[in-house]
Amino acid sequence: MCAYPLFPKRRTVDLAGVWDFVFLPESLVKLIDFSPEQIEYSEFMPLPGCFDVTPDYAGKRGLGVYRRTFSVSGDGIARLHVGGATVSAKFFCDGKLIALDDLPYSGVTYDFPVSAGEHELVAAVENRIDPDFNPLFYAGYDFYAFGGILRSISVEELPDFPLGRCRVTTLDWQTGRVRLAVDLPETPAEKIELQIAFDGEPAKLESFTVRNGVAVCECTVPNPAPWSPESPCLHIVKIEKMDASDAVVERFGIREIRCEKQHILLNGKPLCLLGYNRHESHPEFGANLPLAISIEDLQLLRKLHCNFIRGCHYPQSQDFLDLCDDMGFLVWEESLAWGNGKECLENERFVSKQIEQTRLMVRNSFNHPSVILWGFLNETHSFEPSARTVIGKLTETIRAEDRSRPITFASMSIGYGEQCLDLVDVISCNTYPGWYGNQTDEAPDSMLTKIGTRFDDVERLIDTPKLRDKPLIISEIGAAALYGCRDRMAIPWTEEFQSDYVAEVCRQIAARPRICGLALWHFADARTFKVNASLNRARGFNNKGSFDEYRRPKAVCRTVADAFSAMRKKLD
Ligand code: ADA
């Protein structure tokens, strides 16, 4: 268990630990104007971590400024690895700016020149939301914009002409035939020989064709063991340069995922996707979930007989995806967005940042067999004409990187002017019938009857020549309940009503072969607004979790476990 890729020939310094820290409120300074001179560091803070979940800074907006030293063994190029930052960040080495990170939640790397010896690294992280500065985060997003460095931070010393990552594509899951694509940005040659070793076997020389800085070869994995949810077998490949100056080690799974006649097939077998939307969020850790929480979440999902997780609404932790690979979960990973309308879709910077972060997401997560679906632009206004252009660009961006996985986006507009479903491979519908839009005098039972009616409407609306063969997923549906709010009257906000609502959702899904997937909204209550909008988000949380934010189960968990177990049995 370790974070792949590995570069065994390089010296890597893990910078996780205690950093000097100071908080600068947004009234004092903005990231755009920040420079690290004359900063007095008044305390300590851990990285990775979110400063605005700690008691002194909970809910505050501004700059968390972190500082520590690191040393390198020789003159050359260093590479800073950041597992993700929110919302925006600047990095300085010895007072000099080396990077502006305006890709929230994305795993990023920055190369910078260093001399042998000790250096000072400063990370200035802003949790202020300012779309003019960073067009990827808006105040209306229904999840809290924590401030911190997420998942990991490290510095690596690069050799000359370093190897990049190796992306492994399954060509034939039954024979273990794969394509290796190694990034070799500084190689002018058209052919190159590299040493390849699978699963610790002796290395073999392979000839690669180099095009546009990528070296490609096709080969067969010895003793191939396909990856599947039932048998999540994984393989390792080590690629080494002939002069042994650099090597990269990747972990991957041999599996095929494709769409055919309303189904998503994994190694030729139709999938029934049952699970949840899951935010990386916790009251104690913010968006920087420790491995213990990730493992606990997956154990809880397993107990509910889930096999599917939609990583809403941003690129996921690589550690979490590694665990999904190990445990056989199926994941929909998407780039960051939430309900973006016309003003975003027609904003050049917004669109170019969407393309940049989506490409990076695909490259970062390419080798995770658990990732079976790429997504983007959650609930964008896909009834707008400009949405077609942007969704077209994003599907092109993904397909230029990866033709091995289907693409989707979660639409809230089916039946309300939806224009874009033909552009993607899988139709995904976010819908809350009987939760939103009820009449004030509406009784709970009548709310529940709306669920089947809505599913009938959606199935009818997509029964067109262009759409009828595309798989259909209900990508969000749910009702809120406050943990511990119990009442025999089973009215909205009680655990009883939430359980009745989800029971009806599962009943309706189980009876509809047209629907091949369900992601309930959502796994655990997650912090959202801190402003007046929280009027409809009690406690400033999105309370539709089946667990509360501390992963304490609500009554609905029993309902889900029974329903999902029965649905799975029916299919097996
Ligand atoms: C939308 C959105 C989710 C959440 C949900 C809700 O579908 O995609 O992030 O806000 O609504 O709880 O209403």
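Here, every reference points to the structure presented above.
Note that this is a predicted model, so its numbers are computed, not measured.

(A) Spatial organisation of the site of the ligand. Residues in close proximity to the ligand total 13 residues, the closest being Asp142, Glu379, Tyr436, Glu476 and Lys544. Within the contact set of the ligand, an oxygen atom lies 2.8 Å away from a side-chain nitrogen or oxygen of Asn378. Between an oxygen atom of the ligand and a side-chain N or O atom of Glu379, the distance comes to 2.5 Å. For the ligand, the accessible surface in isolation is 320 Å², of which the surrounding protein chains cover 96%. Residue classes in the shell around the ligand are distributed as 4 nonpolar, 4 polar and 5 charged.

(B) Expanded view of the pairing of strand S2 (residues 17-25). Bridging between S2 and strand S3 (residues 43-47) involves 5 bridges; their strand directions are antiparallel. Within S3, the position partnered with Trp19 by the bridge is Met45.

(C) Just the sheet that holds strand S26 (residues 330-334), in detail. Here 8 strands make up a closed barrel; going around it, the order is S24-S25-S26-S27-S28-S29-S30-S31 and the pairing parallel. Along the sheet, successive strands turn relative to each other by an average axial angle of 25°, direction set aside. Looking at chain direction, strand S24 (residues 273-278) and strand S25 (residues 308-311) are connected through 4 bridges and run parallel. Bridge pairing in S25 links Tyr276 to Ile309. Across the sheet, helix H2 (residues 318-327) is in contact with S24, S25, S26 and strand S27 (371-375); its angle to S26 comes to roughly 155°. Against the sheet, helix H8 (residues 556-571) makes contact with S24 and strand S31 (515-520), and its axis sits at roughly 145° relative to S24, the strand it touches most.

(D) Seen up close, the nonpolar core. Of all hydrophobic cores here, the largest spans 124 residues; its most connected members are Leu80, Phe91, Tyr501 and Leu518. Per element, the largest residue contribution to this core is 7 residues, and it comes from H8. Among residues more than four places away in sequence, those in contact with Tyr501 are Tyr432, Pro433, Gly434, Trp435, Leu448, Ile451, Ile477, Gly478 and Ala479. Membership of the second largest hydrophobic core comes to 23 residues, among which are Cys166, Leu180, Phe208 and Val248.

(E) Highlighting the pairing of strand S9 (residues 96-101). Taken together, the 5 bridges between strand S8 (residues 88-93) and S9 define a ladder with antiparallel strand orientation. Across the sheet, residue Phe92 finds its bridge partner in S9, namely Leu97. The hairpin turn running from S8 into S9, its antiparallel successor, is 2 residues long, and Asp94 in that turn takes a positive phi close to 50°.

(F) Spatial organisation of H8. Compared with an ideal rise of 1.5 Å per residue, which puts 16 residues at 22 Å, H8 spans 22 Å between its outermost C-alpha atoms and is within 8% of the ideal. Of the positions making up H8, those classed as buried are Val556, Cys557, Thr559, Val560, Ala561, Ala563, Phe564, Ser565, Met567 and Arg568. Those residues of H8 that are buried are in contact with S24, helix H1 (291-303), helix H7 (495-510) and S31.

(G) Structural detail: the sheet that holds strand S1 (residues 12-14). Here we have 4 strands laid out as an open sheet, ordered S1-S13-S6-S10, and antiparallel in their pairing. At either margin of the open sheet sits one strand with a lone partner, and together these are S1 and strand S10 (108-114). Taking each pair of neighbouring strands and ignoring which way they run, the sheet shows an average axis angle of 20°. Here 3 bridges tie S1 to strand S13 (residues 153-158), and the two strands are oriented antiparallel to one another. The partner of Val13 across the bridge, within S13, is Val155.

Parameters and conventions
- Residues numbered from 1 in each chain as written.
- Predicted model: local features only at pLDDT ≥ 70, side-chain atom pairs only at ≥ 80, totals over all residues.
- Heavy atoms only, no water.
- Near = heavy atom within 4 Å.
- Polar contact = N/O pair within 3.5 Å; in protein donor to acceptor, adjacent residues only side chain to side chain.
- Areas by Shrake-Rupley, 256 points an atom, 1.4 Å probe, with all protein chains shown as cover.
- Nonpolar A, V, L, I, M, F, W, Y, C, P; charged D, E, K, R; others polar.
- Pairing = 2+ DSSP bridges.
- Helix = DSSP H or I, 4+ residues; strand = E, 2+ residues; numbered from the N terminus.
- Axes fitted to C-alpha atoms, helices over the stretch in contact; angles between N-to-C directions.
- Contact = heavy atoms within 4.5 Å.
- Core = buried A, V, L, I, M, F, W, Y, C linked by side-chain atoms within 4.5 Å.
- Buried < 20%, exposed > 50% of the residue type's maximum accessible area, 1.4 Å probe, protein only.
- Expected span 1.5 Å × (residues − 1).

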